[in-house]
Amino acid sequence: MKNVLKWPSFMLVLILSLVLSGCSTGEESSSGGSSGSTEAKGTIEQIKERGKLIAGVKYDTKLFGLKDPASGEVEGFDIDIAKALAKQILGDETKIELKEVTSKTRIPMLQNGDIDIIIATMTITDERKEQVDFSDVYFEAGQSLLVKNDSAITGLESLDGVKVLAVKGSTSAQNIREKAPDAEVLEYDNYQDAFTALKAGKGEALTTDNIILIGMQQTDNNFKLVGGNFTSEPYGMAIRKGDTAFVEEVNSLLKSMKDSGEYDTLHEKWLGSKPE
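Residues numbered from 1 in each chain as written. Predicted model: local features only at pLDDT ≥ 70, side-chain atom pairs only at ≥ 80, totals over all residues. Heavy atoms only, no water.

Chemist: Please explain the overall build of the protein as it appears in this structure.
Modeler: The number of helices and strands found in the protein is eleven helices and 15 strands. Sorting the 276 residues of the protein into buried and exposed places 46% on the buried side. With an accessible surface of roughly 14,100 Å², the protein has 49% of that area assigned to carbon and sulfur atoms. (Helix = DSSP H or I, 4+ residues; strand = E, 2+ residues; numbered from the N terminus. Buried < 20%, exposed > 50% of the residue type's maximum accessible area, 1.4 Å probe, protein only. Areas by Shrake-Rupley, 256 points an atom, 1.4 Å probe, with all protein chains shown as cover.)

Structure representation (C-alpha cells):
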C-alpha cells in the first residue's frame, strides 16, 4: 500500500522536473538569442557581419547632407565622412547605406537599431550624452539668424514679438526660446520645410547653425545672415550608449583623417576653406 501511494508522488516530482527543465532551456535559448543583439555584439561586429555600414544622415542640409532629387544621390561633408568610416571598417567606401534622419528622429532610430551611427550636424550636449555616446568634435558651428535682405532684424535684440522658425528636436529651438523669450517660435519637421516657410513669409527669421544657414543662402541670395554666432555648436557623431569600441574606432578615423590631410581636403571641398 505504501508503494502505491509513493508512485503518484514520484510521478509528480518527475513531471515538475521536466517542466522546470523545459522552462530553463527556453530561457537559456532566449538569452543566447539576445547575445546576437546590437549591445552584445557591438556595432563594429554587426557592420562586418552585415557587410555594410548604415549611417543616419540629413537629406535636406546643403553642404553636409543633401539629396539631389534628380539623381537620388546624397552628398555633403557628413556623407564623405560616413564613406571614410565605411572604408576604414570594411575596406570599401561604397559598402554603406545612407538613411535619412531629422533632428527629431535620429536618436530614436539609433536606439532602435535602425542605424549604426548618426552623422548629421548633431551638437554635443550634456542632455544628449545621457542617451548616446559621442565621438570627438569633428566640426565647430554656431547658431545664427537668416532673414530677407530687406529685413530690419539685426540680431537677438530685434526678435521681440517676431515669428522665428526652427526645427523640431534641435538645440536651436531650445536656445532661441532662452535667448529671445519674447519671440514666437514656430517649429518644423526639417530644414527644407522651415526654409520654405521663411520664403513664404510665415516667419521673419529662421534660426539654426550658421553653416546650415549658409547652405540655404547659397540656394537663394535673397537672404542674409545676421546677428553673428550667439552659441557654440560642437558637432559629434552619435553612437549607441556604452559601445566604447565603436567610439574609439570613429575617433581613430577622425585622427587619421586630420593627420593625413584628408579632413582639410573635405573641409575645403564642401565649406570653401581649410579649417582655421
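Chemist: Any chance you could explain the pattern of salt bridges here in plain terms?
Modeler: A side chain with one charge may pair with a side chain of the opposite charge, provided their charged atoms come close. Scanning the model with the defined rule gives eight salt bridges in all. When the shortest N-O distance is used, the salt bridge between Lys-255 and Asp-259 registers 2.7 Å. Of the two residues, Lys-255 and Asp-259 both sit in helix α10 (residues 244-260), four residues apart, roughly one turn of that helix. Taking the relative accessible area as the measure of exposure, Lys-255 reaches 54% and is therefore exposed. Connected via shared salt-bridge partners are Arg-50, Asp-116 and Arg-240. (Salt bridge = Lys/Arg side-chain N within 4 Å of Asp/Glu carboxyl O.)

Chemist: Could you clarify how one ought to interpret the side chain of Thr-121 in this entry?
Modeler: By the element assignment, Thr-121 lies in the loop between β6 (117-118) and α6 (126-129). There is a polar contact of 3.2 Å between the side chain of Thr-121 and the side chain of Lys-58. Ignoring sequence-local partners within four residues, the contact set of Thr-121 consists of Lys-58, Thr-61, Phe-64, Asp-78, Arg-106, Tyr-138, Asp-209, Ile-212 and Tyr-235. (Polar contact = N/O pair within 3.5 Å; in protein donor to acceptor, adjacent residues only side chain to side chain. Contact = heavy atoms within 4.5 Å.)

Chemist: What is the right way to look at the packing of helix α4 (residues 77-90) against helix α11 (residues 262-271) in this model?
Modeler: For any two helices packed against each other, the geometry comes down to the angle between their axes and how far apart the axes lie. Running from N to C, α4 and α11 cross one another at 150°; their axes reach a closest spacing of 9 Å. Comparing the axis directions of α4 and α11 gives the class roughly antiparallel. Crossing hand, α4 versus α11: right-handed. Contacts between α4 and α11 involve Phe-77, Asp-80, Ile-81 and Ala-84 from the former and Glu-262, Tyr-263, Leu-266, His-267, Lys-269 and Trp-270 from the latter. For the contact of α4 with α11, the per-class residue count stands at six nonpolar, one polar and three charged. (Axes fitted to C-alpha atoms, helices over the stretch in contact; angles between N-to-C directions. Parallel < 35°, antiparallel > 145°, perpendicular 65-115°, else oblique. Left-handed = near helix turned anticlockwise from the far one by under 90°. Nonpolar A, V, L, I, M, F, W, Y, C, P; charged D, E, K, R; others polar.)

Chemist: Honestly, the nonpolar core in this entry has me stumped. Any pointers?
Modeler: Across soluble globular proteins, nonpolar side chains show a tendency to be buried alongside one another. One finds Phe-77, Ile-117, Tyr-138, Phe-139, Leu-206, Ile-211 and Phe-246 to be the most contacted residues of the largest nonpolar core, which totals 52 residues. Val-147, Ala-166, Val-185 and Ala-205 belong to the second-largest nonpolar core, a separate cluster that totals 15 residues. (Core = buried A, V, L, I, M, F, W, Y, C linked by side-chain atoms within 4.5 Å.)

Chemist: Is there a simple way to explain the pairing of strand β10 (residues 163-167) in this structure?
Modeler: Two faces, one strand: in a regular strand the side chains alternate between the faces of the sheet. Of all five residues in β10, four are buried, a share of seventy percent or more. Bridge count between β10 and strand β11 (residues 184-188): five bridges; the pairing is parallel. Pairing of Val-167 across the sheet is with Tyr-188, part of β11. In terms of handedness, the path from β10 via helix α7 (residues 171-179) over to β11 forms a crossover that is right-handed. Across two bridges, β10 lies against strand β12 (residues 205-209) in parallel orientation. If you follow Leu-165 over to β12, its bridge partner there is Leu-206. (Pairing = 2+ DSSP bridges. Right-handed = clockwise from strand over helix to strand, strands pointing away.)

Chemist: Help me out: how do you make sense of helix α3 (residues 43-50) in this one?
Modeler: Each full turn of the α-helix corresponds to 3.6 residues, which orients residues three or four apart in the same direction. Residues of α3 that are buried include every one of Thr-43, Ile-44, Gln-46 and Ile-47, and no others. On an axial view of α3, the arc spanned by its buried residues comes to 160°, and they lie on one face. Projecting away from the buried face of α3 at angles above 90 degrees are the exposed residues Lys-48 and Glu-49. After α3 finishes, the residue Gly-51 shows a positive phi value of roughly 85°. (Arc of directions from axis to C-beta.)

Chemist: I'm lost on the packing of aromatic side chains in this one. Help?
Modeler: Aromatic ring pairs are described here by two measures, namely the spacing of the ring centres and the angle between the planes. A full pass over the atoms with the stated rule returns nine aromatic pairs. The interplanar angle of 75° and the centroid separation of 5.3 Å between the aromatic rings of Phe-64 and Phe-139 together place this pair among those described as edge-to-face. With Phe-64 in the loop between β2 (60-61) and β3 (65-67) and Phe-139 in strand β8 (residues 139-141), this residue pair connects regions lying 75 residues apart in the sequence. When sorted by exposure, Phe-64 lands in the same class as Phe-139, which is buried. Ring geometry for Phe-64 and Tyr-235: centres 5.8 Å apart, planes at 80°, overall edge-to-face. Taken together, the residues span a long stretch of sequence, with Phe-64 in the loop between β2 and β3 and Tyr-235 in strand β14 (residues 233-235) at a distance of 171 residues. For the pair Phe-64 and Tyr-235, a shared accessibility class is recorded, and that class is buried. The rings of Phe-64, Phe-77, Tyr-138, Phe-139, Tyr-235 and Tyr-263 are connected pair by pair, giving a single aromatic cluster. Its guanidinium or amino end placed over the ring of Tyr-263, Lys-258 lies 5.2 Å from that ring's centre, counting from NZ or CZ. (Phe/Tyr/Trp six-rings, centres within 6.5 Å; stacked < 30°, edge-to-face > 60°. Lys NZ or Arg CZ within 6 Å of the ring centre and 35° of its normal.)

Without other data, these values stay purely geometric and don't point to any function.
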